[in-house]
Amino acid sequence: MLMEGKFTLKAPIQEVWDFLLKPETLASCIPGAEKMEAIDDKTYESVVKQKVGPISVKFKFTTKITEVDPPRHLKAVGQGADIAKAGTFSQETTVDLTEISKNEVEVSYSSNVSLVGRLATFGERIMRAKAKSVGEEFTRNLQEKLKSRTTG
Amino acid sequence: MIRDFEYLTPKTLKEALTLWDKYGDEAKIIAGGQSLLVLMRQGLVAPKYLIDIKGISELNYVKPDAKVGLRIGALTTHRTIEKSPLVRKGFAVLAEMENRLASIQTRNWGTIGGNICHADPAGDPAPVLISLKATLTTASLKGERNMAVEDFSLDYFETALEPGELLIEIQVPAAPPHTGTAYTKFNIIQSDLATVGVAVSITLGSGDGICQDIRIALGAAAPTAMRVKKAEAAVKGKKITENLLKEAGEIASTEVEPISDIVASEEYRRELVRVLVNRVGKEALARAKRA
Amino acid sequence: MKKELKFTVNGQPYEIYIKPKTLLSEALRDHLGLTGTKRGCNSSSCGACTVVLNGMAVKSCSILALQANGGEVMTVEGLARGTELHPLQKAFLDHGSFQCGFCTSGMLMSSKALLDENPKPTKEQIKEGIDGNICRCTGYNSIIRALTGVVKGEYKEEK
């Protein structure tokens, strides 16, 4: 499932870029992410917990920045397996920055998330609806994180 | 594969509440299990303790009440409600709804309380109960709470139940004179979940054909069963014409937030809402005129 | 920890010790050796596992066996009396109401429950009575014809 959007930040493009490049930035935007650990300067491991009604999932998730074209374009991929082996979750996110002025930048993002396994087949009805709101929360977190880091 | 669990069988409500309060997060409640076991068999839900309340007979009843109208215990099976002479006489739409719910085997064992607490947005009872202005009672060791069924489901498969709380009763008020309620759902095969479900309840003023009150409640069109209040507002207080019901359908189709899934696209669900609100509205109106 | 399950199946009392997670279908098939009840879909959708519990048709794959404690179960093995087939079974044979046979036990039990509750169902009621049982082979009409024959009294039970 694909989620796209854009928003504007009042900050210099380089500052936004430097912040985005830190793997913990994107990793910490994943809703339910806890226990984050840096593997190297491009890779982050986290435990993601989510709950939809009666179903609770705990994913061990790895986020890795795979493409960089400073300060304009960034791509990160992530994959996680449910600790109870009920499914695998993967995401691919690209973020593009466009300088509007010296202190204003447009952030445009595209995030593709997918869920495979029993959670997807039997939990489809439950998870699909949740996936939409998790995706929305992810992008809200990204927006807030960037705003709070780059103001003041 | 179902994972092992410790199995507890309280005999009374009090016992059940005590266990539920004690084991909290590590436990799950099972009544008929017609929704829960499907998930447990896939390993998607794996509680350490399973509290089986199906045997608590004090919560299994369909009773008339002079003040409230109809009182249904949370552990009453769908089949009991479907076949109850009391329900068929005074609250026929409930029996009709139960008749469309899943299949006989599921209705024989599954309970209305379990259904409401599972809070599947495609569930059949919630829209009908909401259109009938039904209320419900929950209980915990701390006491009881009452609320409208409309306020019970908060999100996909999430309810307003607090830790240690169980749903114990549903109350359905007797309909005022000149009230007609109807329900239908669109599904791909008989016994399937609703692709979209629509319940409409219309109360007419005596003799003038003016809509005194209207409720339109939908299933499978949003994260929870929902009322389309703008569509209702377009009809309330007016003389109901064919065009007015058509308009209500149009407005309703813009108010809903359906998802696209393997069964239907978002657009198709909106179209179903548009058509069915009109169609069910007509039936409710006809029943209101006869009442 | 295993728990005791005491119930009657096809008129015979049983006392077995099972893990609470055991489904009724598993108790019947794996613990009692009554393999007439089938596992069709693993998703509670097909009805092949239908048995009659306390007079009601239920999907035995969707019920914990312990919930049948103290109860009475009838499976397809309980239909015939010795070598004398049940009228439903005779009708199914006559009308060719099965091909692969996998849905048949469940179909028979749903039919039994239907006729026990309503000995003279209309065609619509017959269809409703079996709508929780999926058949991939027959197209259902031969099943409906068999049931109609039984309803009409064409298969009197011998006494």
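In this text, all values refer to a predicted model and were calculated from it rather than measured experimentally.

1. Here's the deal with the overall build of chain C
- A tally of helices and strands in chain C yields five helices and five strands.
- Going from the N terminus to the C terminus, chain C shows its helices and strands as β-β-α-β-β-β-α-α-α-α.
- Taking 2.2 N^0.38 as the reference for a compact globule, 159 residues should give roughly 15 Å; the C-alpha atoms of chain C span a radius of gyration of 15 Å, in line with that estimate.
- C-alpha atoms of chain C, sized along the principal axes, occupy 50 × 35 × 25 Å.
- By the burial criterion, 47% of the 159 residues in chain C qualify as buried.

2. Topic: the overall build of chain B
- For chain B, the count of helices and strands is 11 helices and 14 strands.
- Structurally, chain B occupies a C-alpha span of about 60 × 45 × 30 Å along its principal axes.
- Residue burial in chain B is summarised as follows: out of 291 residues, 53% are buried.
- Partitioning the intrachain contacts of chain B with sequence separation of at least 6 by distance along the chain shows that 64% fall at a separation of at least 24.

3. A word on helix α1 (residues 24-31) of chain C
All names here are of chain C.
- Those residues of α1 that fall on the buried side of the exposure criterion are Leu-24, Ser-25, Glu-26, Ala-27 and Leu-28.
- Contacts from the buried residues of α1 go to β1 (3-9), β2 (12-18) and β3 (50-53).
- Where α1 ends, the next residue or the one after it, Gly-33, has phi of about 70°, a positive value.

4. Thoughts on the confidence of the model for chain C
- Residues with a pLDDT of 70 or more make up 99% of chain C, whose mean pLDDT is 96.
- In the predicted assembly, ipTM is 0.96 and pTM is 0.90.

5. As for the pairing of strand β7 (residues 104-116) of chain A
Residue and element names in this part refer to chain A.
- Summarising the sheet, strand β1 (residues 2-9) and β7 pair through eight bridges and their orientation is antiparallel. Bridge pairing in β7 places Phe-7 opposite Val-107.
- One ladder, built from 13 bridges, connects strand β6 (residues 88-101) with β7; its direction is antiparallel. Within β7, the residue paired with Glu-92 across the bridge is Asn-112.
- The antiparallel pairing of β6 with β7 creates a hairpin that spans two residues between the two strands.

6. As for the nonpolar core
- Membership of the largest hydrophobic core comes to 125 residues, with the highest contact counts inside it found for Leu218(B) and Val277(B).
- Among the elements that line this core, the one with the most residues is helix α11 (residues 266-290) of chain B, at eight residues.
- In contact with Val277(B), other than residues within four places in its own chain, are Val198(B), Val200(B), Ile216(B), Ala231(B), Ala248(B), Gly249(B) and Ala252(B).
- Among the nonpolar cores identified, the runner-up in size contains 47 residues, and Leu5(C), Ala57(C), Ala65(C) and Phe98(C) belong to it.

7. Topic: the arrangement of the chains
- When the two pairs of chains in contact are compared, the highest contact count belongs to chains B and C.
- Nothing in chain A touches chain C, and the closest approach of their C-alpha atoms is 8 Å.

8. Concerning the domain arrangement of chain C
All names here are of chain C.
- Examined at the domain level, chain C breaks down into domain 1 (3-78) and domain 2 (87-151).
- For domain 1 versus domain 2, the separation of C-alpha centres amounts to 21 Å.
- Opposite the 15 residues of domain 1 that make contact, domain 2 presents 13 residues.
- The leading source of residues in the side of domain 1 that touches domain 2 is β3, at three residues.
- Here the side of domain 1 that touches domain 2 is composed, by residue class, of eight nonpolar, six polar and one charged.

9. Digging into the interface of chain B and chain A
- Each partner contributes to the interface: chain B provides 15 residues, whereas chain A provides 17 residues.
- Across the side of chain B that touches chain A, the residue classes break down as 10 nonpolar, two polar and three charged.

10. What about the interface of chain C and chain B?
- Listed as interface residues are 20 residues of chain C and, on the opposing side, 19 residues of chain B.
- Broken down by element, the side of chain C that touches chain B gets its largest block of residues, four residues, from strand β4 (residues 56-59) of chain C.
- Of the residues contributing to the side of chain C that touches chain B, the split by class is seven nonpolar, eight polar and five charged.

11. Quick look at the sheet that holds strand β5 (residues 69-73) of chain B
Residues and elements named next belong to chain B.
- A sheet is described by the order of its strands in space; here five strands give the open sequence β4-β5-β10-β6-β7, paired in antiparallel fashion. Sheet topology places β4 (62-65) and β7 (143-148) at the edges, where each strand pairs with a single neighbour. Strand-to-strand, the axes of this sheet are offset by a mean angle of 25°, without reference to chain direction.
- Both strand β6 (residues 135-140) and β7 contribute to a ladder of six bridges, which runs antiparallel.

12. Some details on the packing of helix α2 (residues 87-95) of chain C against helix α5 (residues 141-151) of chain C
All names here are of chain C.
- Contact geometry for α2 and α5: axes closest at 8 Å, N-to-C directions at 135°. Judged on the interaxial angle alone, α5 and α2 are oblique. Here the hand of the crossing between α2 and α5 comes out right-handed. Within the contact between the two elements, α2 uses Pro-87, Leu-88, Ala-91, Phe-92, Asp-94 and His-95 and α5 uses Ser-142, Arg-145, Ala-146, Gly-149 and Val-150.
- For the contact of α2 with α5, the class distribution of residues is six nonpolar, three polar and two charged.

13. Some details on unusual backbone geometry
- That bond from Pro70(A) to Pro71(A) is cis: its omega, -10°, falls within 30 degrees of zero.
- Unlike most non-glycine residues, Ala220(B) shows phi in positive territory, near 65°.
- By the element assignment, Ala220(B) lies in the loop between β13 (211-219) and β14 (226-227).
- Overall, Ala220(B) belongs to the buried group, with 30 C-beta atoms counted inside 10 Å.
- Of note, Ser44(C) is a non-glycine position whose phi angle comes to about 60°, a positive value.

14. So, the pairing of β3(C)
All names here are of chain C.
- The two faces of β3 match: Thr-50 and Val-52 on one face and Val-51 and Leu-53 on the other face are all buried.
- Direction of pairing for β3 relative to β4: antiparallel, over a ladder of four bridges. When the sheet's bridge partners are listed, Val-51 is paired in β4 with Val-58.
- Turn length for the β3-β4 hairpin, with the two strands adjacent in sequence and antiparallel, is two residues, and the turn residue Asn-54 shows positive phi of about 50°.
- Pairing of β3 with strand β5 (residues 72-74) involves two bridges; the strand directions are antiparallel. Residue pairing across strands places Val-52 opposite Met-74, the latter belonging to β5.

Parameters and conventions
Residues numbered from 1 in each chain as written. Chains lettered and ligands numbered in written order. Predicted model: local features only at pLDDT ≥ 70, side-chain atom pairs only at ≥ 80, totals over all residues. Helix = DSSP H or I, 4+ residues; strand = E, 2+ residues; numbered from the N terminus. Rg over C-alpha atoms; globule rule 2.2 N^0.38 Å. Buried ≥ 20, exposed ≤ 12 C-beta atoms within 10 Å, placed from the backbone. Contact = placed C-beta atoms within 7 Å. pLDDT = per-residue confidence, 0-100. Pairing = 2+ DSSP bridges. Core = buried A, V, L, I, M, F, W, Y, C linked by C-beta atoms within 7 Å. Domains from an automatic or database assignment. Nonpolar A, V, L, I, M, F, W, Y, C, P; charged D, E, K, R; others polar. Axes fitted to C-alpha atoms, helices over the stretch in contact; angles between N-to-C directions. Parallel < 35°, antiparallel > 145°, perpendicular 65-115°, else oblique. Left-handed = near helix turned anticlockwise from the far one by under 90°.

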